[in-house]
Amino acid sequence: MLAVLPLLASVLAGCGGGGNESNGRITLNWYNFPDDSGALQKAADTCSRASGGRYRVAYNRLPRAADGQREQLVRRLAAKDTSVDIMGLDVTWAAEFAEARWIREWTGRAKQQATQGTLRVPLETATWKNKLYAVPYNTNTQLLWYRDDLVPTPPKTWAEMQHMAVDLARQGKPHFVEIQGAQYEGLTVWFNSLINSAGGSILNKTATKPSLGPPGVRAAQIMRSLARSAAADPSLANQMEDQNRLAMESGTAAFEINYPFVYPSMKANNPKLFKHFRWAPYPRADAGRPSRPTIGGIDLAVSAYARHPGPAFEAALCLRNRENQLTAALVGGLPPTLRGLYDEPSFVKNYPFAKEVLAALESASVRPITPAYQNVSIAVSHTLSPPASINPVSSVNTIRDQIDQALQSKGVIP
């Protein structure tokens with residue numbers, strides 16, 4: 001399919017934001033996730049004004065689903081579409097796009113500005129072969145959310161949480177542990193968080209071979225144990241983040257592993273239950289090791305085919321500056337990547353869990369950084385679905401074999 005994509009270049013160039021110059025002023029097309037809060041459009045307008053008339057940043061909405069976003073960008077870049085200047089990349093895409101030579105390396109002063117004051121772990125997601133290819137725009141991580149009317153003291157480990165949930169079930173009380181168990185990226189994130197919390201990783205340090213080992217088996221054991229216990233929601237094998245949120249808001253659950261968006265949602269949708277809605281660090285795999293939840297987020301990259309790379313780098317830095325990240329956090333609910341904002345009073349007021357989010361981010365894990373990530377994720381999520389059918393040893397062996405094959409493949413994954 002990709003072989004014929006260059007034929008689409010002229011068509012794709014006419015889609016979305018249009019040309020790159022108008023009346024002597026450069027138009028920089030920024031493709032990012034669809035934002036209903038207005039924060040991204042406000043950032044584009046702010047940076048357009050800040051340029052002093054040298055350029056205008058045009059915010060173009062990508063499809064809502066991550067797969068659709070990636071597909072559109074892959075098609076445009078494979079066609080060498082010069083109307084794409086700045087892109088919002090999921091944190092798992094930088095290596096793939098860099099290896100395909102679709103995005104430009106950040107060097108010199110631009111790199112210095114991009115890294116100054118930025119949290120270390122988000123920067124890892126934007127780095128490939130020790131080179132920076134994007135700048136972290138926002139980040140995200142999961143916390144443990146629980147009801148303090150059912151659980152006065154939050155659990156510290158998965159085993160402890162499962163034990164508490166089973167005990168609540170015996171008492172006939174709300175007891176489910178809400179977690180992403182459907183066959184999709186969320187299941188891969190669950191496994192990745194557990195294996196890193198158990199002291200391992202999916203790939204080795206050079207991303208050339210699968211690692212897994214005993215930590216992988218331990219992660220699979222935790223997933224299977226929860227899925228087969230009374231703690232598991234009957235819909236576990238079909239649940240994603242939003243289903244988890246709704247289940248918690250309905251009052252049937254005692255625990256929820258999810259992102260901070262659930263806090264304002266609970267406040268709006270169930271004020272009575274919100275009074276008992278609390279948060280704690282992501283549970284540990286074992287008592288002797290810290291938890292290492294997986295981070296998410298968006299990184300901004302400059303297209304290799306941008307006609308005006310200098311202004312594009314400048315605009316990307318503006319789009320994720322302190323002012324715009326604070327707006328995105330307060331209006332859009334997106335945790336910032338700039339360390340200093342976690343001490344900003346207005347942010348802390350709206351994010352009462354800011355301290356816990358920062359602690360999680362500073363010790364977080366990243367998903368495997370490899371151009372073959374899409375295949376790696378599919379190998380994990382398909383093998384571990386449904387979680388109740390996991391065979392810890394054989395499932396991990398299957399994942400290892402499939403990942404080894406994926407890492408040997410060449411070219412871009414369709």
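Residues numbered from 1 in each chain as written. Predicted model: local features only at pLDDT ≥ 70, side-chain atom pairs only at ≥ 80, totals over all residues. Heavy atoms only, no water.

### Points about the overall build of the protein chain
Then, in step 1: Broken down by element type, the protein chain carries 18 helices and twelve strands.
Then, in step 2: Compactness check: the protein chain gives a C-alpha radius of gyration of 22 Å against a globular reference of 22 Å for 414 residues, within 12% of the reference.
Then, in step 3: With respect to the principal axes defined by its C-alpha atoms, the protein chain has extents near 70 × 50 × 35 Å.
Then, in step 4: The proportion of buried residues among the 414 residues of the protein chain is 57%.
Then, in step 5: Sequence separation of 24 or more characterises 75% of the internal contacts of the protein chain that already satisfy a separation of 6 or more.
Then, in step 6: For the protein chain, the exposed area adds up to about 17,200 Å²; of that, 51% sits on carbon and sulfur atoms. (Helix = DSSP H or I, 4+ residues; strand = E, 2+ residues; numbered from the N terminus. Rg over C-alpha atoms; globule rule 2.2 N^0.38 Å. Buried < 20%, exposed > 50% of the residue type's maximum accessible area, 1.4 Å probe, protein only. Contact = heavy atoms within 4.5 Å. Areas by Shrake-Rupley, 256 points an atom, 1.4 Å probe, with all protein chains shown as cover.)

### Topic: the pairing of strand β8 (residues 143-147)
Then, in step 1: Judged by how many residues are buried, β8 sits mostly within the fold: five of five residues are covered.
Then, in step 2: Along β8, one buried face is formed by L143, W145 and R147 and the opposite face, lined by L144 and Y146, is buried too.
Then, in step 3: Direction of pairing for β8 relative to strand β10 (residues 253-258): antiparallel, over a ladder of four bridges. Across the sheet, residue L143 finds its bridge partner in β10, namely N258. (Pairing = 2+ DSSP bridges.)

### Observations regarding the state of the cysteines
By definition, a disulfide is the covalent link that joins the sulfur atoms of two cysteine residues.
Then, in step 1: Tallied over the full model, the rule gives one disulfide.
Then, in step 2: Covalent S-S linkage joins C47 and C318, the inter-sulfur distance amounting to 2.1 Å. Between C47 and C318, the S-S dihedral sits near -95°, and the bridge is therefore left-handed. With C47 in helix α2 (residues 39-50) and C318 in helix α13 (residues 309-319), this pair connects stretches of sequence that are 271 residues apart. (Disulfide = S-S within 2.5 Å.)

### Some points on helix α9 (residues 213-227)
Helical geometry: 3.6 residues make up each α-helical turn, so side chains three or four residues apart lie on a common side.
Then, in step 1: Spanning 15 residues, α9 covers 22 Å between terminal C-alpha atoms, matching the ideal 21 Å at 1.5 Å per step.
Then, in step 2: Buried within α9 are the following residues: G213, P215, G216, V217, A219, A220, I222, M223, L226 and A227.
Then, in step 3: Looking at the buried side of α9, the elements it contacts are α7 (158-170), β9 (176-178), α8 (185-197) and α18 (392-408). (Expected span 1.5 Å × (residues − 1).)

### What to know about the environment of A44
Then, in step 1: On the secondary structure map, A44 appears in helix α2.
Then, in step 2: Excluding residues that lie within four positions of it along the chain, A44 makes contacts with W30, V57, Y59 and L319.

### Remarks on the nonpolar core
Across soluble globular proteins, nonpolar side chains have a tendency to be buried as a group.
Then, in step 1: Counting 53 residues, the largest nonpolar core has W30, F97 and W106 as the members making the most contacts within it.
Then, in step 2: Counting residues per element, this core draws most heavily on α13, which supplies seven residues.
Then, in step 3: When residues no more than four places from it in sequence are discounted, the contact partners of W106 are K111, A114, L132, Y133, A134, V135, L300, V302, F313, A316 and L317.
Then, in step 4: M161, L168, A227 and A285 belong to the second largest nonpolar core, which has 47 residues in total. (Core = buried A, V, L, I, M, F, W, Y, C linked by side-chain atoms within 4.5 Å.)

### A closer look at empty space enclosed by the protein
Then, in step 1: Under the definition given, this model contains one cavity of 30 Å³ or more.
Then, in step 2: One number sums up the size of the largest cavity: a volume of about 80 Å³.
Then, in step 3: Residue composition of the lining of the largest cavity, by class: seven nonpolar, three polar and one charged. (1 Å grid on protein atoms, 1.4 Å probe; cavity = no way out; pocket = protein on both sides within 12 Å on 5 of 7 lines; lining within 4 Å. Points joined across faces, edges and corners; volume = space filled by probe spheres on them. Nonpolar A, V, L, I, M, F, W, Y, C, P; charged D, E, K, R; others polar.)

### Side note on the packing of aromatic side chains
Then, in step 1: Scanning the model with the defined rule gives 18 aromatic pairs in all.
Then, in step 2: Their ring planes at 10° and their centres at 6.2 Å tell us that W93 and F97 sit as a pair that is stacked.
Then, in step 3: For F97, a relative accessible area of 0% gives the class buried. (Phe/Tyr/Trp six-rings, centres within 6.5 Å; stacked < 30°, edge-to-face > 60°.)

### Let's talk about the sheet that holds strand β11 (residues 277-280)
Then, in step 1: Within the open sheet, the four strands sit side by side as β9-β10-β8-β11. Their pairing is mixed. A single partner strand is all that each edge strand has here, and the edge strands are β9 and β11. For this sheet, the mean angle separating the axes of adjacent strands, direction not counted, is 20°.
Then, in step 2: By the bridge criterion, four bridges tie β8 to β11 in an arrangement that is antiparallel. Within β11, the residue paired with L144 across the bridge is A280.
Then, in step 3: Helix-sheet contacts for helix α10 (residues 241-250) involve β8, β9, β10 and β11, and the interaxial angle to β10 is about 155°.
Then, in step 4: Relative to β11, helix α11 (residues 262-269) is tilted by about 170°, and along the sheet it contacts β8, β10 and β11. (Axes fitted to C-alpha atoms, helices over the stretch in contact; angles between N-to-C directions.)

### Looking at the packing of α10 against α11
Then, in step 1: Contact pair α10 / α11: the axes reach a minimum separation of 10 Å and the direction vectors enclose 40°. If you check the angle between α10 and α11, you find them oblique. Crossing geometry of α10 relative to α11 is assigned as right-handed. In contact with R245, M248 and E249 of α10, α11 contributes V262, S265, M266 and N269.
Then, in step 2: Of the residues belonging to the contact of α10 with α11, the class tally is three nonpolar, two polar and two charged. (Parallel < 35°, antiparallel > 145°, perpendicular 65-115°, else oblique. Left-handed = near helix turned anticlockwise from the far one by under 90°.)

### Comments concerning the side chain of S48
Then, in step 1: If you trace the backbone, S48 turns up in helix α2.
Then, in step 2: A polar contact of 2.8 Å, which involves the side chain of S48, links it to the backbone oxygen of A44.
Then, in step 3: Excluding residues within four positions of it along the chain, S48 makes contact with G53, Y55, R56 and V57. (Polar contact = N/O pair within 3.5 Å; in protein donor to acceptor, adjacent residues only side chain to side chain.)

### Let's talk about the pattern of salt bridges
Two side chains bearing opposite charge may form a pair once their charged atoms approach each other closely.
Then, in step 1: By the definition in use, this model includes 18 salt bridges.
Then, in step 2: A salt bridge links R70 to E96, with the shortest nitrogen-to-oxygen separation between them at 2.7 Å. With R70 in helix α3 (residues 66-78) and E96 in helix α4 (residues 94-99), the pair connects residues that are 26 residues apart, well separated along the chain.
Then, in step 3: A relative accessible area of 4% means that E96 is categorised as buried. (Salt bridge = Lys/Arg side-chain N within 4 Å of Asp/Glu carboxyl O.)

So, to be careful, I would describe these as geometric facts and stop short of saying anything about function.
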